[in-house]
Amino acid sequence: MTTRATLMRERAAGGHHRVTYVELFFDLVFVFAVTQISHTLLEHFTPLGVIEVAVLFLAVWWVWIFTSWITNWLDPERTPVRIGLFVLMLAGLVLSTSIPKAFEERGLAFGIAFAAMQVGRTLFMYLSVPDTQPALKCNFLRILVWLSASGVLWIAGGFAHGENRLLLWGLALAIEYVSPAAGFWTPGLGRSSAQDWTVEGGHMAERCALFIIIALGESILVTGATFSKLTWTPEAVGAFLVAFVGSLAMWWIYFHKGAEAGAHSISHAQNPGRVARLAYTYLHMPIVAGIVMVAVGDELVLAHPSGHSDVKAVMSLVGGPLLFLVGVILFKRTIHGRLQLSHLVGIAALIVVAPVGRLLSPLILSSVTTAILLIVAVWEAISIGDKRTLEVTSEIRP
């Protein structure tokens, strides 16, 4: 076996590799990145600031999910792969520390770090794929072309200022987000087929589930850190409890059979590459974004629980849960083939609350949106429980 071949995971039919310790170590950088994103949104909660933070969030998610695809094929227990991940961690720290000033004096650092991670990781993967897997090798050559083109725009945006930087980085993001849906079509190489993406579904599902844990963990850290600095008045304690219950509800909605069903679905799919591209690469992005927005809303409520809610509070306290539920319902639609009624009702309830949100105090508005999430979680648990009972009954019938 060649040196290149030894860098690839050895796959067994019907099983999947667990997430390794080095992958979890790599994710620590993105715990910091998610924290930077939420703090930056809190400090720049203006229309332009929201757009800029959205660009930064989409970039952070994209570099993480692409790395997860890479470690789906490469074996992180191999020394060259580990070293590659450590190099990516260093670049990721530069990326993360640049987030608060990315549209100011640290734009070039952010652009270079992002482009280096995307292009460098893809080049490493291309060189690591053995010649005995020509389809996979050709796929990464296509990806390298696309990411090199967007990388030029990321770096050019770092040299630009103001609206020009936003425009260049927005165009770079458009190229990167469109590329998988376009099959990474490249002149002379054509486009790849999702069937060529021999993804190990269980590993991909576990990686994305762990990123949801990262986002929820960041939400709890923000809540705890903010609450520890406050005088523990009844309103502050109430805001703290509501924030905690909201995190529990989101965990339950996603993890109570949803994450497990996703792992089972993609592991047994005829075309796991297509499922992974839609359900995990794209649809997990709004789930994480919703959790980040909820964390921002929780911090706003803890700081100012009384009075009328402003636009920032309504956007985060209603928009966060709404974005989360939309992402989760589309994710579950992909793996179950149907829309969850409980989620549809929750989405409708949040839409109804949005117009009257400014008439409520932040604490009451947070309590209402948390109650909606909690009802969805309980409804989902009961409905799944009923389904399980029916399945068991049918199995034991003579």
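Criteria and thresholds
- The residue numbers shown here count from 1 along each chain, following its written sequence.
- Only residues with pLDDT of 70 or above have their local features reported here, since the model is predicted, and side-chain atom pairs are shown and tallied only from 80 upward, although totals for entire chains, interfaces and linings are computed over all residues.
- Neither water nor hydrogens contribute to the side-chain values; these are computed over all heavy atoms in the structure.
- Only buried residues count toward a nonpolar core. Its members are Ala, Val, Leu, Ile, Met, Phe, Trp, Tyr and Cys residues joined through side-chain atoms within 4.5 Å.
- Residue exposure (1.4 Å probe, protein chains only): buried if accessible area is under 20% of the type maximum, exposed if over 50%, otherwise partly exposed.
- Numbering of helices and strands runs from the N terminus, with a helix taken as a DSSP run of H or I at least four residues long and a strand as a DSSP run of E at least two residues long.
- Note on definitions: a residue-residue contact is assigned when non-hydrogen atoms from the two residues lie within 4.5 Å.
- Basic side-chain nitrogens of Lys or Arg form a salt bridge, by our definition, when they fall within 4 Å of a carboxyl oxygen of Asp or Glu.
- Given a helix with a known number of residues, its expected span is that number minus one, times 1.5 Å.
- This arc is taken over the directions from the axis of the helix to the C-beta atoms.
- Buriedness for pockets is judged along seven lines, at least five of which must meet protein on both sides within 12 Å for an open set on the 1 Å grid over protein atoms alone, while cavities are sets there where a 1.4 Å probe fits but cannot get out, and lining residues have an atom within 4 Å of a point.
- Grid points are joined across faces, edges and corners, and a volume is the space filled by probe spheres set on the points.
- Under the scheme applied, nonpolar residues are Ala, Val, Leu, Ile, Met, Phe, Trp, Tyr, Cys and Pro; charged residues are Asp, Glu, Lys and Arg; polar residues are all the others, including Gly.

### As for the nonpolar core
Stage number 1. Ranked by size, the top nonpolar core spans 113 residues in total, and within it Phe30 and Phe324 carry the most contacts.
Stage number 2. The element contributing the most residues to this core is helix H3 (residues 47–73), with 15 residues.
Stage number 3. Ignoring any residue separated from it by four or fewer positions in sequence, one finds phenylalanine 30 in contact with Val60, Val63, Trp64, Met117, Phe211 and Ile214.

### A short note on the pattern of salt bridges
Stage number 1. Counting across every chain of the model gives 8 salt bridges.
Stage number 2. A salt bridge links arginine 207 to glutamate 23; its shortest N-O distance comes to 3.3 Å. Of the two residues, arginine 207 is situated in helix H8 (residues 201–228) and glutamate 23 in helix H2 (residues 21–43); the sequence distance between them amounts to 184 residues. As far as burial versus exposure is concerned, arginine 207 and glutamate 23 are alike and both buried.

### Quick look at helix H9 (residues 234–255)
Stage number 1. If you check H9, its first and last C-alpha atoms are 31 Å apart, about what 22 residues at 1.5 Å a residue would give, namely 32 Å.
Stage number 2. Taken residue by residue, H9 has Ala236, Gly238, Ala239, Val242, Ala243, Gly246, Ser247, Ala249, Met250, Ile253, Tyr254 and Phe255 as its buried positions.
Stage number 3. Looking at the residues trailing H9, positive phi occurs at lysine 257, about 75°.

### Some words on helix H7 (residues 162–181)
Residue pairs three or four apart in sequence face the same way in an α-helix, which turns once every 3.6 residues.
Stage number 1. Given a rise of 1.5 Å per residue, 20 residues ought to cover 28 Å, and the 30 Å separating the end C-alpha atoms of H7 matches this to within 8%.
Stage number 2. Those residues of H7 not exposed but buried are Arg165, Leu166, Trp169, Ala172, Leu173, Glu176, Tyr177, Ser179 and Pro180. The buried side chains of H7 occupy one side of the element, clustering within an arc of 155° when seen end-on. Looking at H7, the residues exposed on the side facing more than 90 degrees away from the buried face are Glu163 and Leu167.
Stage number 3. Of the residues trailing H7, glycine 183 is marked for its positive phi of about 65°.

### Comments concerning the side chain of glutamate 380
Stage number 1. Mapped onto the secondary structure, glutamate 380 falls in helix H15 (residues 362–396).
Stage number 2. Looking at glutamate 380, the relative accessible area reads 2%, which means it is buried.
Stage number 3. With sequence-adjacent residues up to four places away left out, glutamate 380 is seen in contact with Lys332, Gln340, Ser342 and His343.

### Remarks on empty space enclosed by the protein
Stage number 1. In this structure the tally under the stated criterion is 2 cavities of 30 Å³ or more.
Stage number 2. There is about 230 Å³ of room inside the largest cavity.
Stage number 3. Lining the largest cavity we find 19 residues, and of these Trp69, Ile143, Pro180, Phe184 and Trp197 sit closest to its centre.
Stage number 4. Looking at the lining of the largest cavity, the elements that each hand over two or more residues are H3, helix H5 (107–128), helix H6 (134–159) and helix H11 (272–282).
Stage number 5. Of the residues in the lining of the largest cavity, the class split is 11 nonpolar, 5 polar and 3 charged.
Stage number 6. Taken as a whole, the second largest cavity encloses approximately 90 Å³ of empty space.
Stage number 7. Taken together, 13 residues line the second largest cavity, and the ones lying closest to its centre are Val294, Asp298, Pro321, Thr369 and Thr370.
Stage number 8. Only H9, helix H12 (284–303), helix H13 (311–336) and H15 provide two or more residues apiece to the lining of the second largest cavity.
Stage number 9. The residue makeup of the lining of the second largest cavity, split by class, is 6 nonpolar, 6 polar and 1 charged.

### Some points on unusual backbone geometry
Stage number 1. Look at phenylalanine 184: it is not a glycine, yet its phi comes out positive at around 55°.
Stage number 2. With a relative accessible area of 5%, phenylalanine 184 lands in the buried category.

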